[in-house]
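# Examination of the molecular architecture
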Amino acid sequence: MTICQTVSGVGTQEALPPSAPPGLRVRRSWWGGFLRALVAGLVLVAGLALPLVAPQPAQAVPPGTYAYVANFNDDRVSVIDTATNTVVATVPVGDAPWGVAVSPNGTRAYVTNRSGGTVSVIDTATDTVVATVPVGLEPLGVAVSPNGASAYVTNFGADTVSVIDTNTNTVVATFPVGGAPLGVTVSPNGTRAYVTNSDDNTVSVINTLSNTAVATVTVGGFPFGVAVSPDSTRAYVTNSDDNTVSVIDTLSNTVVATVTVGAAPQGVVVLRDGASVYVVNANSNTVSVIDRVSNTVVDTIPVGTAPREVAVTPDGADAYVTNANDDTVSVIDTASRTAGDPVPVDDLPFGVAIGVVPRPAPALTLVKLTAGGRFAQGGQGTYTLTVTNTGNLPTDGSPVTLTDTLPAGLTPVGFSGTGWACTLTPPSCTRSDVLAPGAAHPPLTLTVRIAPDAPKQVTNTATVTGGGATGTGTATATTTVDRRHQPKPPHHDRPDHGKPGHGKPDHLKPGHGMPAHTLPYLGHRPGPR
């Protein structure tokens, strides 16, 4: 039995022939353009039946390199094993998936759902959605920061960018950019994000530390995609209406070259070696290859019909191009610059991203808390440290070592926890029992003495390694140190005690300094009654 739902009330759109190029934009519907489209067939037609896909059971994914393809009309993501160029999984996501980005460590894929106003977070180890994050209106582009801590999402219908904390899967910032933001990328050095504003013909340059726009660069007509060179010195912007690519000097935030490419350029990527730029031409069914030194097109590669986006494997050997009208993905050998047999996917593939799924392993993370939240000079304070296995395998029984590096002004006086063997010099604890995925070891308590002259703020750092886990778990805690209250000096120790007349027994005034019972009775002051 097939379960279907009917979508209605979308509003009338202009009918386009099947041969209409993907660069065409249909008119905004009467209710404000909620389904503004950039290619033919992007709008939901009244009465269209969409099948609901039953979720797949979680399963272990073999380590390897995978391409993740967002299929706009099927609400699913196709997972391609790049070793065999076959679809090995299909993941149901939100409504009208558009863009895809993979975290640098390969553990998560982020998919923008245009009509749903959400981002689906896929666990690549199981190919299942583990979180759905509400963002702004019509999310399209998505990019993950090089450190994996943040995902940047363009909200096409809200003229904003949402910033997702990838640790908590919550939006921690939303800031305005230009009109109808579409593409987004983060520079490899992590300091800047670049957003194409398709209605304004501009690119917003974002400071990723403050999450604010620090510059606006005017480019060509209807800027679509954006990519940054590996050295972070150049940004490449496809101008879909002008059939050009703007080359931005990221130091001066100015356009230093304009390169003519094919018709309706959209997706763009810089190859890993930094020598070439691949530009997808949606209306020419080709990929232009730009030489970065000369800023000229040196080759043109035929692909499928209505190509949209492009992604490159980590080794730079292959480029994957989505062909929207063919429901396929072309795989280009970057050495020969030729495309092999296309890979069939689902209906209307748009976004594509590639990531390396790591070998299953334990992962130790560390949380450090300061009891009470504040310290005081000359007193004592405590830290609570907890080690958790956030990986998908148990630890292997080899020693787990936690080391704490105290800042100046703090001295350890006690370090202990159930099952831990600890030393104070240096502050370190070990244990060798197996820790299951999702479980935590008993917490450790580190007691410190705060020096009388400790600075007003101290930052403590701890690390954990071992247990078969790859990498190092690190945590920091920054604590405010209150000044020690100095007791007020006695009255006779005050600096002004020696002022003239101070403390004299008969200090000018009658009776000053004399015992009360010796004061003479002066009577009433003479005056009128």
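The sections below set out a description of the structure shown in this document. (Residues numbered from 1 in each chain as written. Predicted model: local features only at pLDDT ≥ 70, side-chain atom pairs only at ≥ 80, totals over all residues. Heavy atoms only, no water.)

### Considerations on the pairing of strand β28 (residues 328-333)
Heads up, the rule is: Exposed residues in this analysis have more than 50% of their type's maximum accessible area, buried residues have under 20%, and partly exposed residues fall in between, with area computed by a 1.4 Å probe over protein chains only. Numbered from the N terminus, helices here are DSSP runs of H or I no shorter than four residues, and strands are runs of E no shorter than two. Strands are treated as partners if at least two bridges between them are detected by DSSP.
The buried fraction of β28 amounts to 5 of the 6 residues, a majority that puts the element mostly inside the structure. Pairing of strand β27 (residues 318-323) with β28, which is carried by 6 bridges, proceeds in the antiparallel orientation. The partner of T322 across the bridge, within β28, is V329. Taking the residues between adjacent antiparallel strands as the criterion, β27 and β28 are bridged by 4 residues, where D327 takes a positive phi near 55°. Where β28 meets strand β30 (residues 343-344), 2 bridges bridge the pair, whose relative direction is antiparallel.

### Side note on the environment of V205
Rules: Between two residues, a contact is recorded if the distance between any of their heavy atoms is within 4.5 Å.
For V205, the position within the fold is in strand β16 (residues 202-207). Among the residues examined, V205 registers a relative accessible area of 1% and is labelled buried. Separated by 11 residues in sequence, V205 and Y194 have C-alpha atoms that sit 4.9 Å apart. The residues touching V205, leaving out its near neighbours within four places in the chain, are R192, A193, Y194, T212, A213, V214, A215, V217 and N253.

### Overview of the packing of aromatic side chains
Worth spelling out the cut-off: Whether two aromatic rings pair depends on their centres lying within 6.5 Å, for rings of Phe, Tyr and Trp, where Trp uses its six-membered ring; planes under 30 degrees apart make the pair stacked, over 60 edge-to-face, and the rest tilted. Charge-over-ring contacts are defined here by two conditions on Lys NZ or Arg CZ: a distance within 6 Å of the ring centre and an angle within 35 degrees of the ring normal.
For the structure on display, the rule yields 4 aromatic pairs. Ring centres 6.0 Å apart and planes at 80° place the aromatic pair F72 and W98 in the edge-to-face group. Placement of F72 in the loop between β3 (64-71) and β4 (76-81) and of W98 in strand β6 (residues 97-102) is noted, with a sequence separation of 26 residues between them. Both residues of the pair, F72 and W98, belong to the buried class. Taken together through their ring pairs, the aromatic side chains of F72, W98 and F350 make up a single cluster. Stacked on the ring of W420, the Lys or Arg R431 has its end atom at 5.0 Å from the ring centre.

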